[in-house]
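Residues per chain, in single letters:
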Number of protein chains: 2
Amino acid sequence: MTTTQLIEQIHLKKSFLCIGLDVDLTKIPQYLLQTEDPIFEFNKAIIDATHDVCVSYKPNTAFYEAYGLQGWQSLQKTIDYINQNFPEIFTIADAKRGDIGNTSSMYAKAFLEDLNFDSVTVAPYMGKDSVEPFLAFDNKHTILLALTSNEGAFDFQTKLSDGTEIYKHVVETSKTWKNSQNLMYVVGATKAEYFSEIRKIVPDSFLLVPGVGAQGGSLQEVCKYGLNANVGLLINSSRGIIYASNEEDFAIKARVEALKLQKEMEEILK
Amino acid sequence: MTTTQLIEQIHLKKSFLCIGLDVDLTKIPQYLLQTEDPIFEFNKAIIDATHDVCVSYKPNTAFYEAYGLQGWQSLQKTIDYINQNFPEIFTIADAKRGDIGNTSSMYAKAFLEDLNFDSVTVAPYMGKDSVEPFLAFDNKHTILLALTSNEGAFDFQTKLSDGTEIYKHVVETSKTWKNSQNLMYVVGATKAEYFSEIRKIVPDSFLLVPGVGAQGGSLQEVCKYGLNANVGLLINSSRGIIYASNEEDFAIKARVEALKLQKEMEEILK
């Protein structure tokens, strides 16, 4: 999917909501455990109930790998289901990968080609040659960790080097990499005051924003400092939406929560 | 496996060699492609031919994920084969994971519990709460990226903050984390001169050293600055060993290459 197509979808749906498909078998309705593929059945129900109010789904690969082969199969079925039925959805493999060049190429192939996600999250610690293999795919996007939503973000990401925080060096330096037009950035909602700083470096880039909801970030605050002329934000919520209920009404309740955020977004877009 | 057991194995085998099982289907003997599981058959032959001259195997997960479900299954079969037949081997899942706390817990479970690796490599960018979930497992080890073997290591890892490089901050700070006794560190062989610096911070820790061989690092140089009283090094070689031949003699040739390194190590250990 191109960035232009993503922006069109945002305006069409009046939503820049991304829903995190982080399925934990201990938290889903227990009757689903009797189905052949509980993770996929859960995702399918959530997707069917919410695809018209969000523009993106983001499965975090950890939740699938934790269930081994079966989990990997559920991930494959989930992305195939979205691609076949809702090709207008921007899909994100939240994998936070990154390795030396020839190895990063293997990860890039796995997520952007074989599984056919529109984008993948990547960690910047290993630098340019660990990220560029992901950037080589046309109309695919690499979402680089800049400033994450967790407490540990302050351990290294905010350390000052030459008077500038490491996360800003990451964003600034990444602009010089080959095919940097395919970059987006992860910036945590729990750090809304940092958005204006990041917008000075990448005024036009899309930012993927985790941390609204369960982690305590505010949608209003993020939008105040982070919105740009093309919206430029994808706001992710996972637990707050998908675990709104663990009864048979879970998909309906998930829609209610997603709709609340969509309505807030519609107001902001006006 | 405990660190004491690993040290015992090193002295017993007179080797601190780790073999990287990074299987690329385009590089293995082509007759293997007719078998049901070429990746596993390749690994099994390499393991059978080299298990007495190395102390560790390190599959890089990228090479398995690149083959989807089939690849994940090959990874599972490979680790099961090692654990069942060669329980004295120290196994490393080279996964370079790292995510917010509850998500890192899922990765830790996947690699250290379900797949039952002895250790997993983890990226430090997201800080303390992204790493501590991996450290919570008894007699399991977390191998934190410190200074990697690639060119991109100089993008952010060597940036100075308060007069000290970021990679040293990572090592120093990680010592304060809960269960830090379960930490080892990745330090690239291509940067031998840095080993004495790292040994000032972690004199006793094990260092996993990629970059010998195909990437150009020198075993002698690394040992000069990196060895400690308990050896404290695991030297990885992947391509230089496993792709020594792509004919039917590939496992024999792999053993020849592994043995060369083992003999060098035996000399160094004297």
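Note that the coordinates shown come from a computational prediction; the quantities given were computed from them, not determined experimentally.

Outline the overall build of chain A, listing residues and values.
The number of helices and strands found in chain A is 12 helices and 10 strands. Its C-alpha atoms give chain A a radius of gyration of 18 Å, near enough to 18 Å, the size a compact globule of 270 residues would have. Counting over 270 residues, chain A shows a buried share of 63%. A separation threshold of at least 6 residues defines the contact pool for chain A, and within that pool the share at least 24 residues apart is 73%. Looking at charge distribution, chain A has the averaged site of its 25 positive side-chain charges lying 4 Å from that of its 35 negative ones.

Describe the interface of chain A and chain B, listing the residues and the values that go with them.
The figure often quoted for interface size is the accessible area lost as the parts come together. At the junction of the two partners, chain A supplies 57 residues and chain B supplies 57 residues. Surface buried jointly by chain A and chain B totals about 4800 Å² across both partners, of which 61% is contributed by carbon and sulfur atoms. Contact with chain B buries surface across chain A, with Met106, Tyr125 and Phe156 of chain A losing the most and accounting together for 19% of the total. Where chain A meets chain B, there are 4 salt bridges. In this structure, the salt-bridge partner of Lys96 of chain A is Asp99 of chain B, at a minimum N-O distance of 2.8 Å.

So what's going on with the packing of aromatic side chains? Which residues, and what values?
In total, this model carries 15 aromatic pairs over all chains according to the counting rule given. The structure contains a cluster of three or more aromatic residues connected by ring pairs, namely Trp72 and Phe111 of chain A together with Trp72 and Phe111 of chain B.

Summarise the sheet that holds strand β10 (residues 233–237) of chain A; cite the residues concerned and give the values.
Residue and element names in this part refer to chain A. With respect to topology, 8 strands assemble into a closed barrel ordered β1-β2-β3-β4-β5-β8-β9-β10, the strand pairing being parallel. This sheet shows a mean twist of 30° between the axes of neighbouring strands, independent of strand direction. Pairing of strand β3 (residues 90–97) with strand β4 (residues 119–122) involves 3 bridges; the strand directions are parallel. What sits directly across from Ala93, in β4, is Val120. Packed on one face of the sheet, helix α6 (residues 128–135) meets β3, β4, β5 (141–147) and β8 (183–187) and runs near 145° to β5.

Just give me the short version of the relation of the copies chain A and chain B, but keep the residues and values in it.
For the pair chain A and chain B, the superposition axis carries a translation of 0.0 Å, the fit reaches an RMSD of 0.0 Å, and the rotation angle comes to 180°. What the superposition gives is, in effect, a two-fold axis relating one chain to the other. Using C-alpha coordinates, one finds that chain A approaches the rotation axis most closely at Ser161 of chain A, a distance of 2.3 Å. A shared interface surface links the copies, since 100% of the contact residues of chain A are contact residues in chain B too.

Could you give me a rundown of the packing of helix α2 (residues 38–50) of chain A against helix α4 (residues 68–85) of chain A, with the residues and numbers involved?
Residue and element names in this part refer to chain A. Remark: α2 packs on α4, axes separated minimally by 9 Å, with the N-to-C direction vectors making an angle of 25°. Here α2 lies roughly parallel to α4, going by the angle between them. Our pair here, α2 against α4, has a crossing hand that is right-handed. Note on element contacts: α4 touches α2 through Gly71, Ser74, Lys77, Thr78, Tyr81 and Ile82, opposite Ile39, Phe40, Asn43, Lys44, Ile47 and Asp48.

Summarise the nonpolar core; cite the residues concerned and give the values.
Among the nonpolar cores identified, the biggest contains 202 residues, and Phe111 of chain A together with Phe111 of chain B are the most heavily contacted of them. When neighbours within four sequence positions are excluded, Phe111 of chain B is seen to be in contact with Glu65 of chain A together with Thr61, Trp72, Ala93, Ala95, Arg97, Asn116, Phe117 and Val120 of chain B.

Summarise the packing of helix α10 (residues 219–226) of chain B against helix α12 (residues 250–269) of chain B; cite the residues concerned and give the values.
All names here are of chain B. Packing of α10 against α12 leaves a shortest axis separation of 11 Å and a crossing angle of 30°. Seen along the crossing, α10 lies across α12 with a hand that is right-handed. Only Leu261, Glu264, Met265 and Ile268 of α12 make contact with α10, whose side of the interface consists of Leu219, Gln220 and Cys223. Of the residues in the contact of α10 with α12, the class split is 5 nonpolar, 1 polar and 1 charged.

Explain the pairing of strand β4 (residues 119–122) of chain B residue by residue, including any values.
Residue and element names in this part refer to chain B. Because side chains alternate across β4, one face comprises the buried residues Ser119 and Thr121, and the other comprises Val120 and Val122, equally buried. Handedness of the β-α-β unit built from strand β3 (residues 90–97), helix α5 (residues 101–114) and β4 comes out right-handed. With 4 bridges joining them, β4 and strand β5 (residues 141–147) adopt parallel strand pairing. From the neighbouring strand, Ser119 faces β5, where its bridge partner is His141. A crossover links β4 with its parallel partner β5, the connecting element being helix α6 (residues 128–135), and its sense is right-handed.

An account of helix α2 (residues 38–50) of chain B is requested, with residue identities and associated values reported.
Residues and elements named next belong to chain B. Taking 1.5 Å per residue, 13 residues should reach 18 Å; α2 reaches 18 Å between its end C-alpha atoms and fits that length. What α2 keeps buried is the set Pro38, Ile39, Phe40, Phe42, Asn43, Ile46, Ile47, Ala49 and Thr50. For α2, the secondary structure elements touched by its buried residues are β1 (17–20), β2 (56–58), α3 (62–65), α4 (68–85), α11 (239–242) and α12.

Any chance you could break down helix α8 (residues 166–174) of chain B for me, citing the residues and the numbers?
With respect to burial, α8 of chain B is a largely interior element, 7 of its 9 residues being buried. Along α8 of chain B, the positions that sit buried rather than exposed are Ile166, Tyr167, Lys168, His169, Val170, Val171 and Ser174 of chain B.

Can you explain the environment of Ile166 of chain A? Please cite residues and give values.
For Ile166 of chain A, the position within the fold is in helix α8 (residues 166–174). A C-alpha to C-alpha distance of 12 Å links Ile166 of chain A and Gly127 of chain A, two positions 39 residues apart in sequence. With near-sequence residues (within four places) excluded, Ile166 of chain A lies in contact with Phe156, Gln157, Lys159 and Ser161 of chain A together with Tyr125, Lys159 and Ile166 of chain B.

Talk me through the UniProt feature "domain: Orotidine 5'-phosphate decarboxylase" (unreviewed entry) in chain A; I want residue IDs and the actual numbers.
Taking the UniProt record as the reference, the feature "domain: Orotidine 5'-phosphate decarboxylase" (unreviewed entry) is found at residues 16–254 of chain A. Between the end C-alpha atoms of residues 16–254 of chain A there is a gap of 16 Å, over a span that is 39% helix and 18% strand.

Procedures and definitions
- Residues numbered from 1 in each chain as written.
- Chains lettered and ligands numbered in written order.
- Predicted model: local features only at pLDDT ≥ 70, side-chain atom pairs only at ≥ 80, totals over all residues.
- Heavy atoms only, no water.
- Helix = DSSP H or I, 4+ residues; strand = E, 2+ residues; numbered from the N terminus.
- Rg over C-alpha atoms; globule rule 2.2 N^0.38 Å.
- Buried < 20%, exposed > 50% of the residue type's maximum accessible area, 1.4 Å probe, protein only.
- Contact = heavy atoms within 4.5 Å.
- Lys, Arg positive; Asp, Glu negative; His and termini not counted.
- Charge placed at Lys NZ, Arg CZ, Asp CG, Glu CD.
- Buried area = accessible area lost by both parts, 1.4 Å probe.
- Salt bridge = Lys/Arg side-chain N within 4 Å of Asp/Glu carboxyl O.
- Phe/Tyr/Trp six-rings, centres within 6.5 Å; stacked < 30°, edge-to-face > 60°.
- Pairing = 2+ DSSP bridges.
- Axes fitted to C-alpha atoms, helices over the stretch in contact; angles between N-to-C directions.
- Least-squares fit on C-alpha atoms with pLDDT ≥ 70 in both.
- Parallel < 35°, antiparallel > 145°, perpendicular 65-115°, else oblique.
- Left-handed = near helix turned anticlockwise from the far one by under 90°.
- Core = buried A, V, L, I, M, F, W, Y, C linked by side-chain atoms within 4.5 Å.
- Nonpolar A, V, L, I, M, F, W, Y, C, P; charged D, E, K, R; others polar.
- Right-handed = clockwise from strand over helix to strand, strands pointing away.
- Expected span 1.5 Å × (residues − 1).
- UniProt positions renumbered as here; feature names shortened; annotations may be inferred.

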